[in-house]
Amino acid sequence: MNSSKSPGLAGFGVLKNTTCHTEKKISVFFSIIFMTAGILSNSLAIVILMKAYQRFRQKSKASFLLLASGLVVTDLFGHLINGAIAVFVYASDKDWIRFNQSNILCSVFGICMVFFGLCPLFLGSVMAVERCIGVTKPIFHSTKMTSRHVKMMLTMVCLFAVLIALLPILRFRAYQIQASRTWCFYKTEHVEDWEDRFYLLLFSCLGFLALAISFLCNAVTGITLLRVKFKSQQRQGRSHHFEMIIQLLAIMCVSCICWSPFLVTMARIGINEGRSKETCETILFALRMATWNQILDPWVYILLRKAVLKNLYKITSGCCGVHVINLHMWELSSIKNSLKVAAISESPVGSKQMNLQPLSSVG
């Protein structure tokens, strides 16, 4: 087995090449701040989502909350594990040869970087698909999208992300210490072998695919909600749909902004066979941008909730003295009524019936 495939030597190949020197105090500060902010914000979001899940345990919103909880838990462990390893590396003066002679730590670090990078993107796309089905096919969603099925979907997504993360190890391709000597990932310098390029392009393509699926499903969901709203002329019964689609749109925007630089950078390195002009500082900046995604995700559920939005509206309307939004849109209504309204409004007979009877008579 040559040195390019040897787990014990491949991880140290970058140490002989040009490295970029980052200010230690600033780098440690970034790592500690990112890890602390991520753990605190994700922990707070988990508490909020768990309370909401207990409240809607037997209703259609439970599947969305279960997927959202899985996303936040993944972000939490991503900050906890990756942050702890990064702080340990800084505390050891980045002397990989001393504490990583068998390349075990670098392999674990690389696996975690890939898994906790792809898994939240996959979960975001699955949440968008789940909401799309819940809005366009409410009866199918209420009968088939049970908690057991959602848990199976969560397990399958995690297993797929684990498989992608373990793929280099299974192929005897060790993860590489990057030029900054602070993290491990696929080989990004002097990439000549097709398999090394394949891993970079696979990571980028899967990330962009997840973002594309989220965008498409959220667009279909939003258009369907608007069409049903204008068709039925009913505002009550779908406030929880609008709340969830706002959260999904926010997640998608945050993911696109935070992950695009890193995904584009990895794709350019893979396409250009490692001869791209991406510097160590550029890659490190893109990595920190991607880290912000796991910090901002939980704040979507903390801030973009109905109660918070109502309070913000009251404050804004009190300051401006104008009333633009009808607060009745945000009144809590039965999920059962919502599903019936959405189902009836899709049929021609149901549309005529809804024009002849008030919403309170439904159900």
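To be clear, the structure that these remarks concern was listed above.
Conventions we followed
- Residues numbered from 1 in each chain as written.
- Predicted model: local features only at pLDDT ≥ 70, side-chain atom pairs only at ≥ 80, totals over all residues.
- Heavy atoms only, no water.
- Helix = DSSP H or I, 4+ residues; strand = E, 2+ residues; numbered from the N terminus.
- Buried < 20%, exposed > 50% of the residue type's maximum accessible area, 1.4 Å probe, protein only.
- Contact = heavy atoms within 4.5 Å.
- Areas by Shrake-Rupley, 256 points an atom, 1.4 Å probe, with all protein chains shown as cover.
- Expected span 1.5 Å × (residues − 1).
- Bend = angle between axes of the 7 residues up to and from the residue.
- Core = buried A, V, L, I, M, F, W, Y, C linked by side-chain atoms within 4.5 Å.

**Q** Describe the overall build of the chain, with residues and values.
**A** Along its length, the chain carries 13 helices and two strands. By residue count, 50% of the 363 residues in the chain fall in the buried class. The long-range share in the chain, meaning contacts at least 24 apart out of those at least 6 apart in sequence, stands at 78%. Put simply, the chain shows about 17,800 Å² of open surface, and 68% of that area lies on carbon and sulfur atoms.

**Q** Describe in detail helix H10 (residues 280-303), supporting the description with residues and values.
**A** The terminal C-alpha atoms of H10 lie 35 Å apart, and with 24 residues this matches the ideal 34 Å at 1.5 Å per residue to within 8%. Residue Ile295 marks the point of greatest curvature in H10, where the axis turns by about 30°; the proline Pro298 follows within four residues.

**Q** Quick one: what's the story with unusual backbone geometry, residue by residue and with numbers?
**A** Phi is positive for Asn103, close to 65°, though the residue is something other than glycine. Locating Asn103 in the fold gives a position in the loop between helix H4 (96-99) and helix H5 (104-136). In this structure, Phe172 is a non-glycine residue whose phi angle is positive, near 60°.

**Q** Can you break down the nonpolar core residue by residue, with the values?
**A** Grouped together as the largest cluster of nonpolar side chains are 72 residues, with contacts concentrated most on Val114, Met127, Trp183, Phe185, Tyr186, Phe203 and Phe262. Elements that contribute at least two residues to this core include exactly helix H2 (24-55), helix H3 (61-91), H5, helix H7 (147-170), strand E2 (184-185), helix H8 (194-232), helix H9 (239-271) and H10. Tallying contributions element by element places H5 first for this core, with 15 residues.

**Q** I'd like to hear about the environment of Val191, residue by residue, with values.
**A** Within the secondary structure layout, Val191 lies in the loop between E2 and H8. Accessibility expressed as a relative area gives 0% for Val191, which makes it buried. Linking Val191 and Ile269, residues 78 residues apart in sequence, is a C-alpha distance of 7.9 Å.

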